[in-house]
Amino acid sequence: MDAIRIYGGNCLEGQTTVQGSKNASLPILAATLLINGVCEIENCPDISDVYHMQRLLTSLGCRVERKGTCVCVNTCCLSMCDMPADSVCVMRSSIMLLGALLARTGRVCMEYPGGCVIGARPIDLHLKSLRKMGVVIEEKETEFCAETSRLKGAAIKLPFVSVGVTENLILAAVLAEGVTVIEPAAREPEIQALCGFLQEAGAQIEGSGTGRLVIHGVKALKPVKYRVPADRIVAGTYLCACMCAGGRIFLKDAPVCHMESILSHAVRMGAAVTCEPDGILVDGRDHESTCNRLTTGCYPMFPTDMQSPAMAVMAASGRKGCIEETVFENRFRIVGELNKMGANIMVRGNTAYVNGSGRLCGAIVQAQELRGGAALVIAALSAEGTSIVTNRHYIDRGYEDIVLNLRRLGADVELA
Ligand code: EPZ
């Protein structure tokens, strides 16, 4: 079955090493298209979204090889051809190939990448911004074709912060003619990692990590070896798992410097955390909780990708609280599933009200997207009895070996 069976009640003990960042790996793999040669991307997580990105690069004629956690991409034989529609549609991040391919080849035709249950996730800002850089885009029923003789630097003013648009514009701008200014630019650590990779390769980027990026186009970039940072959302998810199940775990390699908001909220929700040079010690035992309200936002605010795991912690704690989601319009899909486990959660507009109901009970629940699916697993760790989380494939998109890792930490979980 495509499911996970969890027997709730075990505390977590021990150490787990945090995987490389999915949301840094994907744009960096797309960025290899800008470089004629062999790039080695280290600490790439072995997850299905990265597999789909590798498959897309291969379909474009690249030679892609995984050696352990290192993915080597040779783009010397890049041969434009259509990308497999199933990979493009199943993984939204395929849109990131747009900027890189336009910079390398000047022409791209691709299917509209899928939305998903958390929101419509349109690409209007991607297309509108690229048009300002001299790209002619013809939109058809199910696909669009973009073409340019030469990308030109431009001053791009965005109506709001978008991670994907910032990434696409960076990829389009690094080899463009002239200077590109992006405002407001996303400041996420994943953007900083992308800028780090490109700067290693010779790109001229100012303002990485700030809300204003200035990119001076250069003639060419050189092949590099680059290590992807650890995944702050995966680290935060295991932290929430420990808060649900109780116990003490060490999150080895957790990117402490990128987790300030996650850690401060965790402490306010009752965890004790100790930051070490090589990771974070988490004591999930029930400490005094002083936080009953959470609002998601762009970095450095509390990340939207941590909203569902945090809701699982609130539901498992039996205490009252509320969560406001400000980034995606439909990111409370796990409320119905958590209520099947006995949580007492109500949604009004973009706020979920967790009314606290004591211990959760095991149930059969359905993952409907990546972070919500992981949140159901960690909620089940605290539930009384057996839970089954179906649609495991959503969780496999972003979490390497979640069942094996939780078992090693003492959880009673198995593939079902
Ligand atoms: C990235 O998605 C991440 N994905 C998401 O992580 C993350 O939740 C999101 O950023 C916000 O931090 C990857 O990095 C692969 P946005 P992205 O553009 O780029 C709207 C996960 O679980 N918008 O910052 O798609 C959009 O609908 C995933 O790992 C437009 O309206 O997010 C959303 O409401 C989930 N038009 C808002 O902007 C556009 O053209 C912010 O989205 C583009 C976006």
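Residues numbered from 1 in each chain as written. Predicted model: local features only at pLDDT ≥ 70, side-chain atom pairs only at ≥ 80, totals over all residues. Heavy atoms only, no water.

### Re the sheet that holds strand β20 (residues 351–354)
Under the convention used in this document: By the convention used here, strands pair only if DSSP detects at least 2 bridges between them. Numbering of helices and strands starts at the N terminus; helices are DSSP runs of H or I of at least 4 residues and strands are runs of E of at least 2. The angle between two axes is taken between their N-to-C directions and runs from 0 to 180 degrees, where each axis is a line fitted to C-alpha atoms and a helix contributes only its stretch in contact. The contact definition used throughout considers only heavy atoms, calling two residues in contact when any of these lie within 4.5 Å.
Overall, mixed pairing links the 4 strands, which are arranged β17-β18-β20-β19 in an open sheet. A strand with exactly one partner marks an edge of an open sheet, and here the two such strands are β17 (293–295) and β19 (345–348). Adjacent strand axes in the sheet meet at a mean angle of 15°, parallel and antiparallel pairs treated alike. One ladder, built from 4 bridges, connects β19 with β20; its direction is antiparallel. Counted as the bridge partner of Ile 345 is Val 354 from β20. Most of the contacts of helix α10 (residues 307–317) go to strand β18 (residues 321–324), to which it runs at about 170°, and overall it touches β17, β18, β19 and β20.

### Examining the pattern of salt bridges
Going by this rule: We define a salt bridge as a contact between a side-chain nitrogen of Lys or Arg and a carboxyl oxygen of Asp or Glu at a distance within 4 Å. We call a residue buried when its accessible area falls under 20% of the maximum for its residue type, exposed when it is over 50%, and partly exposed in between, using a 1.4 Å probe and counting protein chains only.
Counted under the stated rule, the structure contains 19 salt bridges. Of the charged contacts in the structure, one is a salt bridge between Glu 147 and Arg 107, with a shortest N-O distance of 3.2 Å. Of this pair, Glu 147 sits in strand β8 (residues 143–147) while Arg 107 is found in strand β6 (residues 107–111), placing the two residues 40 residues apart along the sequence. By relative accessible area, Glu 147 is classed as partly exposed at 42%. Here Glu 324 and Arg 293 are joined by a salt bridge, their closest N and O atoms 3.7 Å apart. Separated by 31 residues along the polypeptide, Glu 324 in strand β18 and Arg 293 in strand β17 bring together distant segments of the chain. When salt bridges that share partners are traced, they join Lys 22, Asp 49 and Arg 397 into one network.

### Observations regarding the environment of Arg 150
Going by this rule: As used in this structure description, the phrase polar contact means that two N or O atoms lie within 3.5 Å; if the pair is within protein, one of them must be able to donate a hydrogen and the other to accept it, and residues adjacent in sequence are counted only when both atoms belong to side chains.
Its place among the elements puts Arg 150 in the loop between β8 and β9 (155–157). In the structure, Arg 150 is positioned 92 residues away from Cys 242 in sequence and 51 Å away in space, judged by C-alpha atoms. Setting aside residues no more than four positions away along its own chain, Arg 150 makes contact with Met 133, Leu 175, Ala 176 and Glu 177. In this structure the side chain of Arg 150 is engaged in a polar contact, spanning 2.9 Å, whose partner is the backbone oxygen of Leu 175.

### What to know about the site of the ligand
In plain terms, the rule: Here a residue is considered near a molecule or strand provided that any single heavy atom belonging to it is located within 4 Å of it. In these tables, accessible area is a Shrake-Rupley quantity obtained with a 1.4 Å probe, and a residue counts as shielded only by the protein chains included in the view. Here the term charged refers only to Asp, Glu, Lys and Arg, the term nonpolar to Ala, Val, Leu, Ile, Met, Phe, Trp, Tyr, Cys and Pro, and the term polar to all other amino acids, Gly among them.
Looking at the ligand, there are 23 residues lining it, with Asp 124, Ser 162, Val 163, Gly 164 and Asp 305 nearest. At a separation of 3.5 Å, an oxygen atom of the ligand approaches a polar side-chain atom of Arg 331. In the complex, the protein chains occlude 88% of the 830 Å² of accessible area that the ligand would expose alone. Only α1 (22–31), α5 (124–131), α6 (163–173) and α12 (370–380) provide two or more residues apiece to the shell around the ligand. Grouping the constituent residues of the shell around the ligand by class yields 10 nonpolar, 6 polar and 7 charged.

### As for the packing of aromatic side chains
Note the threshold: Any Phe, Tyr or Trp ring, taking Trp's six-membered ring, that has another such ring centre within 6.5 Å forms a pair; planes under 30 degrees apart are called stacked, those over 60 apart edge-to-face, and the others tilted. Geometrically, a charge over a ring is one whose NZ (Lys) or CZ (Arg) sits within 6 Å of the ring centre while staying within 35 degrees of the ring normal.
Enumeration over the complete set of coordinates arrives at 2 aromatic pairs. On the numbers, 5.4 Å between centres and 50° between planes, the contact of Tyr 112 with Phe 144 is tilted. Of this pair, Tyr 112 sits in the loop between β6 and α5 while Phe 144 sits in strand β8, and the two are 32 residues apart along the sequence. Directly above the ring of Tyr 353 sits Arg 348, whose terminal nitrogen or CZ lies 5.2 Å from the centroid.

### Here we look at unusual backbone geometry
For the peptide bond that leads from Glu 183 to Pro 184, omega is -15°, which places it in the cis range. By the secondary structure assignment, Pro 184 is in the loop between β10 (179–183) and α7 (189–200). The omega torsion across Tyr 299 and Pro 300 is 15°, close enough to zero to call that bond cis. Following the sequence through the fold, Pro 300 ends up in the loop between β17 and α10. Its identity as a non-glycine residue notwithstanding, Asp 253 has a phi of 70°, on the positive side.

### Some points on the environment of Ile 170
Mapped onto the elements, Ile 170 comes out in helix α6. Between the alpha carbons of Ile 170 and Ala 100 there is a distance of 8.9 Å; along the sequence they are 70 residues apart. The contact partners of Ile 170, leaving out residues within four places of it in the chain, are Ile 182, Ile 191, Leu 194, Cys 195, Leu 198, Ile 205, Leu 213 and Ile 215.

### Describing the layout of surface pockets
We apply this condition: Buriedness for pockets is judged along seven lines, at least five of which must meet protein on both sides within 12 Å for an open set on the 1 Å grid over protein atoms alone, while cavities are sets there where a 1.4 Å probe fits but cannot get out, and lining residues have an atom within 4 Å of a point. Grid points are joined across faces, edges and corners, and a volume is the space filled by probe spheres set on the points.
Roughly 240 Å³ of internal volume is contained in the second largest pocket. Lining the second largest pocket are 18 residues, and of these Met 243, Cys 244, Gly 284, Asp 286 and Ser 317 sit closest to its centre. Mapped by element, the contributors of at least two residues to the lining of the second largest pocket are α8 (232–245) and α10. Residues that form the lining of the second largest pocket fall into these classes: 7 nonpolar, 7 polar and 4 charged.

### Considering the state of the cysteines
Going by this rule: We call a pair of cysteine sulfur atoms a disulfide when they lie within 2.5 Å.
Under the counting rule described, the total for this entry stands at 1 disulfide. For Cys 109, the disulfide goes to Cys 145, at an S-S distance of 1.9 Å. As the torsion about the S-S bond is roughly 115°, the Cys 109-Cys 145 disulfide counts as right-handed. Of this pair, Cys 109 sits in strand β6 while Cys 145 sits in strand β8, and the two are 36 residues apart along the sequence. Each member of the pair, Cys 109 together with Cys 145, is buried. For the unlinked cysteine Cys 77, the closest cysteine sulfur is that of Cys 76, found at 6.0 Å. Overall, the relative accessible area of 39% leaves Cys 77 in the partly exposed class.

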